[in-house]
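Residues per chain, in single letters:
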Amino acid sequence: GAPDVGIWLSRCTAGHWTAPVELANGVQSPSSRFACWNPVLFQAPSGPLLLFYKVGPNESEWWGMLMTSTDGGQTWSQSRRLPEGIFGPIQNKPVQLPDGDLLCPSCDRQEGLHIHFERTPDLGQTWQVTRPVRADTGLGDTQPTILFHPENRLQALVRTRQDAIFETWSADGGDTWSSLTPTALPNPNSGIDAVTLRDGRQLLVYNRSTASRSPLNIALSRDGEDWKR
């Protein structure tokens, strides 16, 4: 949250990491600068490298920003602000759906924590947003991560303040989502990430604790419900 926090970039070239350089900052004027938050990189299979991030004095007042690169991050476009009410993916990566749309796991921090999903068919030019996923008051749901299942079903695992990871499901490719329900996975309100592997298994990286963010743990599942350490 410090105003001099920017987004920095390093590239691995010939087996070595380059010196980091500041790629974006929150300078508004010669006398005003805000913090940058939560950078998320996504390489579209056919398209530019996308960098989503936030700018603002705090998490309740930030807004979404987007930069693109057509040469793997060597040079970048000018930053542009996303439309009002669109924040882009928050901490966790977007996924590309079979129809080519990008589905971004997001949340609205301006009226408490409530997750929602944002969809763009043209890599950030135009946007649609789902309604907030239903949750108990004070759940503190944030930073969902998206998994693929057969028959166009999607699952999102969700960080909460309830000492556990929660989940929500979509049966229509991300247009609508079920109410949030707890899983058997403990978590101390720390960031999580997950990915669907090529063989269809689900892989989750998280902290298997309700008290500490160490150690980092991995779990695997065939169906997204029964998880093995």
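Before reading on, note that the structure itself is shown above.
As the structure is a prediction and not an experimental result, all values here were calculated from the model.

Our focus in this paragraph is the overall build of the protein. Within the protein one finds 0 helices and 21 strands. For a compact globule of 229 residues, the expected C-alpha radius of gyration is about 17 Å, and the protein comes in at 18 Å, within 12% of that figure. Taken over the C-alpha atoms alone, the protein extends approximately 50 × 35 × 35 Å along its principal axes. For the protein, buried positions account for 45% of its 229 residues.

Pairing is antiparallel in the open sheet, where 4 strands are placed in the order β14-β15-β16-β17. Each edge of the open sheet is held by one strand with a lone partner, namely β14 (142–149) and β17 (181–186). If you compare each strand with its neighbour and ignore which way they point, the axes differ by 30° on average. Sheet analysis places strand β16 (residues 164–170) next to β17, joined by 3 bridges and oriented antiparallel.

This next bit is on the nonpolar core. The biggest cluster of nonpolar side chains holds 22 residues, and the ones touching the most others in it are Leu-103, Ile-115, Phe-117, Trp-177 and Leu-180. Elements that contribute at least two residues to this core include exactly β6 (32–43), β11 (102–108), β12 (114–120), β15 (153–159) and β16. Among the elements that take part in this core, β15 stands out by supplying 3 residues, more than any other. Apart from the residues within four sequence positions on either side, Trp-177 is in contact with Leu-103, Phe-117, Thr-130, Val-133, Leu-154, Gln-155, Ala-156, Thr-168, Trp-169 and Ser-170.

Another point: the sheet that holds strand β13 (residues 128–129). Strand order in this open sheet of 4 strands is β10-β11-β12-β13, and the pairing throughout is antiparallel. Lying at the two open borders of the sheet, with one neighbouring strand each, are β10 (95–96) and β13. Pairing geometry for β10 and β11, over 2 bridges, is antiparallel. Opposite Val-95, over in β11, you have Leu-103 as the bridge partner.

If you trace the backbone, Arg-134 turns up in the loop between β13 and β14. For Arg-134, a relative accessible area of 56% translates into the label exposed. Each C-alpha atom of the pair Arg-134 and Ala-2 lies 32 Å from the other, and the pair is 132 residues apart in sequence. Once residues within four sequence positions are removed from consideration, Arg-134 is found in contact with Ser-179 and Leu-180. In this structure the side chain of Arg-134 is engaged in a polar contact, spanning 3.2 Å, whose partner is the side chain of Ser-179.

Quick notes on the rules
Residues numbered from 1 in each chain as written. Predicted model: local features only at pLDDT ≥ 70, side-chain atom pairs only at ≥ 80, totals over all residues. Heavy atoms only, no water. Helix = DSSP H or I, 4+ residues; strand = E, 2+ residues; numbered from the N terminus. Rg over C-alpha atoms; globule rule 2.2 N^0.38 Å. Buried < 20%, exposed > 50% of the residue type's maximum accessible area, 1.4 Å probe, protein only. Pairing = 2+ DSSP bridges. Axes fitted to C-alpha atoms, helices over the stretch in contact; angles between N-to-C directions. Core = buried A, V, L, I, M, F, W, Y, C linked by side-chain atoms within 4.5 Å. Contact = heavy atoms within 4.5 Å. Polar contact = N/O pair within 3.5 Å; in protein donor to acceptor, adjacent residues only side chain to side chain.

Read these as geometric descriptors, not functional statements.
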